[in-house]
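Residues per chain, in single letters:
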Amino acid sequence: MLLLLVPIISAEAHLGNENNTEVRVYSDTMRVVLRTSIPFAWNLLGDGAPALADEAGQAIAQPLLIAAAPGLITVTAGGKPMIPHQVDCLFEVEKDVAFVLNFERPAAWPAVVEARFFDRFSSLDTGTIQVFDYTASRFSRDLEPVAKAVIDQGSPSLSFTLAAAISPTPVPEAVPPTPAAVAAPTAGTSRTILAVIVSLLAAAWVGFLTCRRWRGASKAP
């Protein structure tokens, strides 16, 4: 396995300090990714950088780079500083180093993203910032940036404003129909029912007696 030797880079050198920052704004969060090189990262660590950038050296450097990440990019929203709720540093396949800062979605505008690392490098060093709006769908593809800029030591920031996120209209819960109330029988109704029953019984009794008399008469000689 070929080990990558990282030379000490002076503040006057600008080779190896390429960097690009991508800002992805979602309906509820915002992710800022600063993608750069191993020489850039080792320069940040100064004397604390491992001698080699192999897997062992990366394992040593990673927690140090995570600790340094919040100081590389600052974000303000409506003039107030935003604090990342999660930071990370990843060593990517193509020997890129990605610093990842996760924020809440800005609650006020404009949002300003500023690179704070140019004072470590030459005035000739430059980078880029691009902003992508994923408010409508966090899985959209091939989006064009809504704002972008080339940044350097003299102009290290980008300001942008997005439309307010539209909250989905809540669907009201289905309310089960109220069962129809069954009216309790009143005293008058009870008396009417009782009278009907008595009338029916009386009619039945009269019919019975009549039938008996008719049968008795038919049997007489």
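Residues numbered from 1 in each chain as written. Predicted model: local features only at pLDDT ≥ 70, side-chain atom pairs only at ≥ 80, totals over all residues. Heavy atoms only, no water.

1. A few points about the pairing of strand 5 (residues 86-91)
In this sheet, strand 6 (residues 96-104) lies alongside strand 5 in antiparallel orientation, the contact comprising six bridges. Across the sheet, residue Gln86 finds its bridge partner in strand 6, namely Asn102. The antiparallel hairpin formed by strand 5 and strand 6 contains four residues in its connecting segment, where Lys95 sits at a positive phi of about 65 degrees. (Pairing = 2+ DSSP bridges. Helix = DSSP H or I, 4+ residues; strand = E, 2+ residues; numbered from the N terminus.)

2. With respect to helix 2 (residues 55-68)
Its 14 residues give helix 2 an end-to-end C-alpha distance of 20 Å, which sits within 8% of 20 Å, the value for a rise of 1.5 Å per residue. Considering bend angle alone, the principal kink of helix 2 is centred on Ala61 and spans about 35 degrees; proline Pro63 follows within four residues of it. Listing the buried residues of helix 2 in full gives Gly57, Ala61 and Leu65. On the buried face of helix 2, the contacting elements are helix 1 (38-45), strand 5 and strand 6. (Expected span 1.5 Å × (residues − 1). Bend = angle between axes of the 7 residues up to and from the residue. Buried < 20%, exposed > 50% of the residue type's maximum accessible area, 1.4 Å probe, protein only. Contact = heavy atoms within 4.5 Å.)

3. Considering the confidence of the model for the protein
Low-pLDDT portions of the prediction should not be read for the details of their coordinates. Here the protein averages 84 in pLDDT, while 72% of its residues score no lower than 70. Low pLDDT, under 50, characterises residues 1-14; the predicted model gives this stretch 24 contacts beyond four residues in sequence or across chains. (pLDDT = per-residue confidence, 0-100.)

4. A few points about the sheet that holds strand 10 (residues 157-160)
Sheets are built from strands that pair by backbone hydrogen bonding, the pairs being arranged parallel or antiparallel. Here four strands make up an open sheet; going across it, the order is 4-3-7-10 and the pairing antiparallel. Since the sheet does not close on itself, it has two edges, and those belong to strand 4 (80-82) and strand 10, each with one partner. Within this sheet the neighbouring strands show an average axis-to-axis angle of 25 degrees, counted without direction. In the sheet, strand 3 (residues 73-77) pairs with strand 4 via three bridges, with the strands oriented antiparallel. (Axes fitted to C-alpha atoms, helices over the stretch in contact; angles between N-to-C directions.)

5. A short note on unusual backbone geometry
Between Trp109 and Pro110 the backbone carries a cis peptide bond, its omega angle lying at 0 degrees. Residue position: Pro110 is located in the loop between strand 6 and strand 7 (111-115). Phi at Asp142 takes a positive value of approximately 55 degrees, unusual for a residue other than glycine. Tracing the backbone shows Asp142 in the loop between strand 8 (126-133) and strand 9 (147-152).

6. A few points about the packing of aromatic side chains
In total, this model carries seven aromatic pairs according to the counting rule given. Here the aromatic rings of Phe40 and Phe117 are separated by 5.1 Å at their centres, their planes lie at 80 degrees, and the arrangement is edge-to-face. Here the residue Phe40 occupies a position in helix 1, and Phe117 occupies one in the loop between strand 7 and strand 8, the gap between them amounting to 77 residues. Under the relative-accessibility criterion, Phe117 is labelled buried at 0%. By the ring-pair criterion, three or more aromatic residues cluster together here, those being Phe40, Phe117, Phe118 and Phe121. Seen from the ring of Tyr26, Arg138 lies directly overhead, with NZ or CZ sitting 4.2 Å from the centre. (Phe/Tyr/Trp six-rings, centres within 6.5 Å; stacked < 30°, edge-to-face > 60°. Lys NZ or Arg CZ within 6 Å of the ring centre and 35° of its normal.)

7. Here we look at the pairing of strand 6
The element strand 6 is extensively covered by neighbouring structure, given that seven of its nine residues are classed as buried. Both strand 2 (residues 29-37) and strand 6 contribute to a ladder of nine bridges, which runs antiparallel. Across the sheet, the residue bridging to Met30 is Phe103, located in strand 6.

8. Some words on the nonpolar core
One finds Val23, Ile73, Phe99, Phe117 and Phe160 to be the most contacted residues of the largest nonpolar core, which totals 39 residues. No other element matches helix 1, which puts six residues into this core. Look past the residues within four positions of Val23 in its chain and what remains in contact with it is Met30, Arg31, Val32, Val113, Ile129, Gln130, Val131, Phe132 and Phe160. (Core = buried A, V, L, I, M, F, W, Y, C linked by side-chain atoms within 4.5 Å.)

9. As for helix 1
Counting buried residues along helix 1, seven of its eight residues qualify, which places the element largely inside the surrounding structure. Looking at helix 1, one finds that the buried residues are Ile38, Phe40, Ala41, Trp42, Asn43, Leu44 and Leu45. Here the buried face of helix 1 lies against strand 2, helix 2, strand 5 and strand 6. Backbone geometry just after helix 1 places Gly46 at a positive phi near 60 degrees.

10. Points about the pattern of salt bridges
Under the definition given, this model contains four salt bridges. A salt bridge links Arg35 to Glu92, with the nearest nitrogen and oxygen atoms 2.8 Å apart. Highlighted residues: Arg35 in strand 2 and Glu92 in the loop between strand 5 and strand 6, separated in sequence by 57 residues. The exposure class of Glu92 is partly exposed, given its relative accessible area of 27%. The partner of Arg116 in a salt bridge is Glu114, and the shortest N-O contact between them spans 4.0 Å. Taking relative accessible area as the criterion, Glu114 reaches 27% and is therefore assigned partly exposed. (Salt bridge = Lys/Arg side-chain N within 4 Å of Asp/Glu carboxyl O.)

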